[in-house]
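If you want the building blocks of each chain, they are given just below.
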Amino acid sequence: MQAHRGYPVRVAALLVALALCTPGWAAPRSPEQASALPPLPQVAQDVASPSAQVRRQALRGLRERGGPETLPLLAALLGDAEIDIREGAIAGVIGVYVQPRANRSIDSAAEAFEAARFHDQPWSVPPELSTALVKALADDEPSVRRDAAYAVGIVLPPPVTDAVAFEILASLGDREPSVRIAAARALGRLRVRDAGVPLIGRVNDEDLDVRLASMRALGDLRSDMAVVALTDQFTFYVRGVAGRSAISALAAIGHASSIPLFQAQTTSGYPAHRVAAYEGLARSGGAAAAVPRIEAAMASEKDTRVLIAMAFALASAGRDGVNRVLDALSDRDRSEDALAYLVEIGQPHVAALAARLNDPNPFVRGQIATALGFIGGPDAVVALKDVSGEPDADVRKQISVAQMRLTRTTVVPATGAP
């Protein structure tokens, strides 16, 4: 792979890419449209062509086709000599696993990473794809390294091998801040336990966004060792974005030593702090003792985000909060928060979730199906089977994905970059 190119050559290549490739994050064609594309054996020959123009045509065909059957060929293009082909191949891989939802768009790998938390397609991962993605973490181009880190976080299921963890941890020290951000987010999503100490170090990174991503990743890891560092960050930056990120991470960890902080922040003038306080009480086991205070405070609380977090805390304490969380699914601005809470409180409330599969709002039914797919268990399987006659096409798709998630086989992990 060439590390550097002359400016005129680079511009010419990008112009060719614009002419031949699909838009960066376009959705794949419908099955009817895809059937008119060249057969995959022909595309495989084009992928191996010495002509960059032919390989670009092959990439375009793969991305328009979509589907898991394209993944091995996209993997072959991840190591292409042309940067635009490598970038397009990563976008193609991500597009197979994360497709835009109704009335939503995905314009970058970072946005796809966020959407993938609950709305990825649980396809198996071909070994050659996982290996190629990990190798792309060391690409010459920062844009490829960045998007490869997001793709690794989307595509590979936790836990990853030690070799893969090592490569992502190396990306946490990349000279390009956007790569460090992506690596931090991937480490949190993949629950790489050895990442705790390096991420704590990045809490003091020179780049603010890297610091924020590192704090969020420590929350995703629920890293007890980070409690002191995050508490210090909150104390120092209490009114700023770093303070909000620190207390949110502390809330995700939910360590018992943070209960006094959470209790104090339930009366904060900042809604984000109150949200984190109630989440922290739920996860630390402090909500049970605070139930009377939470119920009393709900009567005067005006912020919807805080009310949903309060309901989550009550549900975690065994009180009647799950129905309030379920009600929040109809609010599209808060639905993802409610979905996350429902997945977390999980099994004890499957019956309550299943009852909402008859909700008149198809958006709510789809979110319920998604939650059941993540919660799992025999009751979730039965609940999804019982709605096989769902009339809405989008909801049927979400039910199908949830059922696939419940029955998917173990995915082959990457073996690391060769």
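Residues numbered from 1 in each chain as written. Predicted model: local features only at pLDDT ≥ 70, side-chain atom pairs only at ≥ 80, totals over all residues. Heavy atoms only, no water.

## Some points on the overall build of the chain
Quick note on the threshold: Working definition: helices are DSSP H or I runs of at least four residues, strands are E runs of at least two. Numbering for both runs from the N terminus. Summary of the burial criterion: residues with accessible area below 20% of their type's maximum are buried, those above 50% are exposed, and those between are partly exposed, where the area comes from a 1.4 Å probe applied to protein chains only. By the convention used here, residues are in contact when the closest approach between their heavy atoms is within 4.5 Å. Computed with the Shrake-Rupley method and a 1.4 Å probe, the accessible areas treat only the protein chains shown as cover for residues.
The helix and strand tally for the chain stands at 25 helices and zero strands. By the burial criterion, 51% of the 418 residues in the chain qualify as buried. Contacts spanning at least 24 positions in sequence make up 68% of the contacts within the chain whose residues lie at least 6 apart. A total of about 18500 Å² of accessible surface is found on the chain, and carbon and sulfur atoms cover 53% of it.

## What about the packing of helix α17 (residues 271–284) against helix α18 (residues 287–298)?
To be explicit about the condition: Note on method: axes are straight lines fitted to C-alpha atoms, helices fitted across the in-contact stretch only, with angles between N-to-C directions ranging 0 to 180 degrees. Here the angle decides the label: under 35 degrees means roughly parallel, over 145 means roughly antiparallel, 65 to 115 means roughly perpendicular, and every other value means oblique. The crossing is said to be left-handed when, going from far helix to near helix, the turn is anticlockwise and less than a right angle, and right-handed when the turn is clockwise.
Two elements in contact, α17 and α18, have axes whose closest approach is 10 Å; the angle formed by their N-to-C orientations is 150°. In terms of orientation, α17 and α18 fall into the roughly antiparallel class. Viewed along their axes, α17 and α18 form a crossing whose handedness is left-handed. Contact residues: Tyr278, Leu281 and Ala282 in α17; Ala287, Ala290, Ile294 and Ala297 in α18.

## Let's talk about the layout of surface pockets
Operational definition: We place a 1 Å grid over just the protein atoms. Points where a 1.4 Å probe fits but has no way out form a cavity, open points with protein on both sides within 12 Å along at least 5 of 7 lines form a pocket, and any residue with an atom within 4 Å of a point lines it. Grid points are joined across faces, edges and corners, and a volume is the space filled by probe spheres set on the points. Residues are grouped as follows: Ala, Val, Leu, Ile, Met, Phe, Trp, Tyr, Cys and Pro are nonpolar; Asp, Glu, Lys and Arg are charged; all remaining types, including Gly, are polar.
For the second largest pocket, the calculated volume is near 560 Å³. Taken together, 27 residues form the lining of the second largest pocket, with Arg101, Ala102, Asp394, Lys397 and Gln398 sitting closest to its centre. Of all the elements in the fold, those that place two or more residues in the lining of the second largest pocket are α7 (109–119), α23 (362–375) and α25 (393–407). The element best represented in the lining of the second largest pocket is α25, accounting for eight residues. Taken together, the residues of the lining of the second largest pocket sort by class into 12 nonpolar, seven polar and eight charged.

## Describing the packing of α23 against α25
Two elements in contact, α23 and α25, have axes separated by 8 Å at closest approach and are oriented at 5°. Judged by the inter-axis angle, α23 sits roughly parallel to α25. Of the residues in α25, those touching α23 at Pro362, Arg365, Gly366, Gln367, Ala369, Thr370, Leu372, Gly373 and Phe374 are Val395, Gln398, Ile399, Ala402, Arg405 and Leu406. Residue composition of the contact of α23 with α25, grouped by class: eight nonpolar, five polar and two charged.

## A short note on the pattern of salt bridges
Just so we agree on the cut-off: For salt bridges, the criterion is a side-chain nitrogen of Lys or Arg within 4 Å of an Asp or Glu carboxyl oxygen.
Following the criterion strictly, the structure yields 21 salt bridges and no others. Residue Glu301 pairs with Arg274 through a salt bridge whose shortest N-O separation is 2.9 Å. Of this pair, Glu301 sits in the loop between α18 and α19 (304–316) while Arg274 sits in helix α17; the two residues are 27 residues apart in sequence, bridging distant segments of the chain. When its relative accessible area of 14% is taken as the criterion, Glu301 is described as buried. Look at Arg274 and you get buried, because its relative accessible area is 11%. Of the charged contacts in the structure, one is a salt bridge between Arg305 and Asp303, with a shortest N-O distance of 3.0 Å. Taken together, the salt bridges that share partners define one network made up of Glu114, Arg185, Arg216 and Asp220.

## A short note on the nonpolar core
Inclusion rule: Nine residue types can take part in a nonpolar core, namely buried Ala, Val, Leu, Ile, Met, Phe, Trp, Tyr and Cys, and a core is a set of them joined through side-chain atoms within 4.5 Å.
Counting 124 residues, the largest nonpolar core has Tyr97 and Leu129 as the members making the most contacts within it. A per-element tally of this core places α19 first, with nine residues. Beyond its immediate sequence surroundings of up to four residues, Tyr97 is in contact with Leu71, His119, Asp120, Gln121, Trp123, Ser124, Val125, Pro126, Leu129, Ile154 and Val155.

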